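Tertiary structure, described
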Amino acid sequence: MSDRSFAAPSRRPLAAAAALAVLALLAVLSIADVQPPAPRPASAPAGDFSAARAFTHVERIGQEVHVTGSPAADRVREHIVATLTGYGLRPEVQDTVGVNAGKFGDGGMARVRNVVAVLPGAASTGQVVLMAHYDSVQVSYGASDDGAGTSTLLEVARALTGGAPPRNDIVFLFTDAEEACLCGAEAFVSRHPLGQKPSVVLNFEARGSSGPAVMFQTSVGNADLIDVYARTPHPVGTSLAVEVYRLLSNDTDFTPFLGQSRFTGLNTAYIDGSSVYHSPLDRPSTMDKASLQHHGDNALALTRALGGADLPPLLRPASGDAVYFPFAGLLLRYPSALTWPIAVLALLAVAALAYLARRRGLTSVPRTAAGLGLALVPLVVVAVAAQLLWALLVALRPGYGELLDPARPTWFRFGVVALTAAVLLGWYALTRRRLGPVPLATGALGLLAVLGLVLAAAVPGGSYLVALPALAGALAGIGALYVPKPWLAAAVLTAGAAVAVLILAPTVALFFPALGLATGAAPALLATLLGLAALPAFEPLFRPAGADRHRLLGAAPAAAALVVALACTTTGMIVDRWDAGHPEPTHLMYALDRDTGTAQWVSLEQAPGAWTSRYVRDRQALDQRFPVLPAGKLSVGPAQAAALPVPTVTVLSDTTSGDRRTVRFRLASQRQVRFVSFYGEVGSHRVQQATVAGRDAVPYLAEQDRFGVVFHGPPTDGIEVTLVLEGTGPLRLRLVDGSDGLDSLPGFTPRPSAVGVFGSHSSELAAVAVTVSV
């Protein structure tokens, strides 16, 4: 069977080399396009954003751990206030109580002190809110999370106050208690006068130490805002990420705003280098200043654009979302209304290709259908292989089990891509001789087109990933059937594959840090989709379909890719060793039960390593006695009971009315703590109403099947609580408070330099619990 769609046999190696070189170059360039820009020095023009200038704030903020309610947090807040005052603004501190506003309420509350400053507009048509949180988790210095966002806002404030005033009001909002419960953002939205005004909200975050600043979340009806964002200096984002994030339980300070129809907005974060996230390694020294520059360039451009815009149209959702993605240095975008037409057009184009190829005797309907079905095989195998690779890495180095990504993930990522190529090339070598290259390529494009329809229905913002490559590949295939020269046909097919590379390669690069090697199947699947769209470019690597079979040559491409995968993975293991700068993450906390007078060491590690195993050896569920801990069995071991005082309850008033009892009491810790909490009995619904520090609390937590409140950053004199109860009998409460740091506890030995602390809200926690009857 003659196959004019590929290069002549004598020139197949040259065609393969040329096509793969072009596609590889395009992949490199497209990935480079989504990388952060070079940091600008302190000598940059005053109207520009300078990472060097912003970094001076990072150094100040990241000097010490500054958890909500701590003296260190007070010092960070004072720095923010002093800096804004120096720019000629009049910052105020909103001192109030916030309530958890996450997607899944956990009874969290906090005393918050937000910093709010307004740059008045010259002829305001609305309000733009720039937001970042200034608190850190209890074991982290918070240089990136969220010293990056805080410093970005301060540098943007400097640049704006030094020039002509914007048209619209610009609000600089530095929230408190984001890490604890999103309570600062909730308090602004529900209790601050500026939070009652319609606004465009821009939130700036970090979940790592490096990488591009990705705009990963939007309000609904984002089309108009995406048009503004696309004109920033370095727009990086995909509508797929927005769709995926909407399905997840993850939260940021953006969440309370999304719950109110008066706000629209964008959420941006850099997310690579996730091994430092929420850990003691999140220091100024680990921050990539290029990521800070990326944050700042886009923040300043967005603020100027929105600050000068006619805001009312942007303050309400557009008629629909936009589909958008990086493409050839641009943020390509089109209305979501085109999702279905493009998906259908792609399917029709593939059908036309199959029809025309059948007319030329290059395929048949059964063989094309078989090619479509067989194209599912590498998708399944690659997903399984990527997860098995991670399982192997965790087995060889158990500390990886606590991480999303290794500290030095680059070689491992190359290994996953090479493993994907090995699977794809091996599959192609095994099937092409029996089915033929044209049925396989056409069937693969057919699978992409079908997936485009599926995604159009399920995840509309992600349909472009497969529909556009299928459309481009089908049109290129049709063109290749009609060009007179084999080399020209190969060029046309390479051009079709190039579209897939320009669309999918940046997304693969972005999804590696977004989901980590722990979910390496996701970027591996995207890489496989790219490979399926580019099958004609791989065909010249093999002997012509009609030539004599040569097993060694047929297996050579897959074998070479597998060797590269092994080499990259081995190199990754050699390069990424535990050391003082990249220590093995470990989790340990201390739980003292005053009811029994016993204490335990507790670890959330999936498989406790050598250091942690010195403290824990059994498995036990603790969530009923210590409700602040997750459900299920945890690693535990005996500990010596320390002389730590318990939290106390002082009844202030107690009244009854019929079968209802109202009790008012003060709950206080007798030591310096990060939080104090109180819970009703499991299965009890006695609490009908709850007021804590003047705010209504949730009277029942469905996930825990009990009433409960965790109050972060409590005042030293405690918090006042009023409960309305069903029935007049006594109420049993489980009190738990928590401080940070294990060094002073009996039996604890400091970690060696190559052993570190895992970034968790319970790492290094010393919890004390007692049951009282009110």
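Here's a quick rundown of the structure. (Residues numbered from 1 in each chain as written. Predicted model: local features only at pLDDT ≥ 70, side-chain atom pairs only at ≥ 80, totals over all residues. Heavy atoms only, no water.)

With that settled, the discussion passes to the nonpolar core. With 82 residues, the main nonpolar core has Tyr464, Leu532 and Leu535 as its most contacted residues. With 11 residues, the single largest contributor to this core is helix α14 (residues 410-435). Those residues within four positions of Leu532 in sequence are excluded, and the remaining contacts are Ala375, Pro378, Leu379, Leu424, Trp427, Ala444 and Leu447. Counting residues in hydrophobic clusters, the runner-up holds 64 residues, among them Phe216, Val236, Leu314 and Leu331. (Core = buried A, V, L, I, M, F, W, Y, C linked by side-chain atoms within 4.5 Å. Buried < 20%, exposed > 50% of the residue type's maximum accessible area, 1.4 Å probe, protein only. Helix = DSSP H or I, 4+ residues; strand = E, 2+ residues; numbered from the N terminus. Contact = heavy atoms within 4.5 Å.)

So, on to the packing of aromatic side chains. Within this structure, the stated rule accounts for 18 aromatic pairs. With centroids separated by 5.3 Å and ring planes inclined at 65°, the aromatic side chains of Tyr590 and Trp601 adopt a geometry described as edge-to-face. Pair noted here: Tyr590 is in strand β11 (residues 589-593) and Trp601 is in strand β12 (residues 598-603), with a separation of 11 residues, a long-range link. Pairing Trp611 with Phe748 gives two aromatic rings, centres 6.1 Å apart and planes at 80°, and the pair type is edge-to-face. Separated by 137 residues along the polypeptide, Trp611 in the loop between β12 and β13 (618-621) and Phe748 in the loop between β22 (732-740) and β23 (755-757) bring together distant segments of the chain. Phe748 matches Trp611 in its accessibility class, with the two residues each being buried. In this structure an aromatic cluster arises from ring pairing among Tyr590, Trp601, Trp611, Tyr615 and Phe748. The positively charged end of Lys289 is found above the aromatic ring belonging to Phe55, 4.2 Å away from the centroid. The ring of Phe626 has Arg734 lying over it, and the distance from NZ or CZ to the ring centre is 5.7 Å. (Phe/Tyr/Trp six-rings, centres within 6.5 Å; stacked < 30°, edge-to-face > 60°. Lys NZ or Arg CZ within 6 Å of the ring centre and 35° of its normal.)

We now examine the pairing of β11. In the case of a regular strand, side chains alternate between the two sheet surfaces. The element β11 is largely enclosed, with a buried count of 5 among its 5 residues. Burial along β11 is two-sided: the residues Met589, Ala591 and Asp593 and Tyr590 and Leu592 are all buried. Pairing of β11 with β12, which is carried by 5 bridges, proceeds in the antiparallel orientation. Residue pairing for β12: Met589 is matched across the bridge by Val602. Joining the antiparallel neighbours β11 and β12 is a turn of 4 residues, in which Gly597 adopts a positive phi near 75°. The pairing of β11 with strand β24 (residues 765-773) spans 4 bridges and is classified as parallel. Pairing of Asp593 across the sheet is with Ala769, part of β24. (Pairing = 2+ DSSP bridges.)

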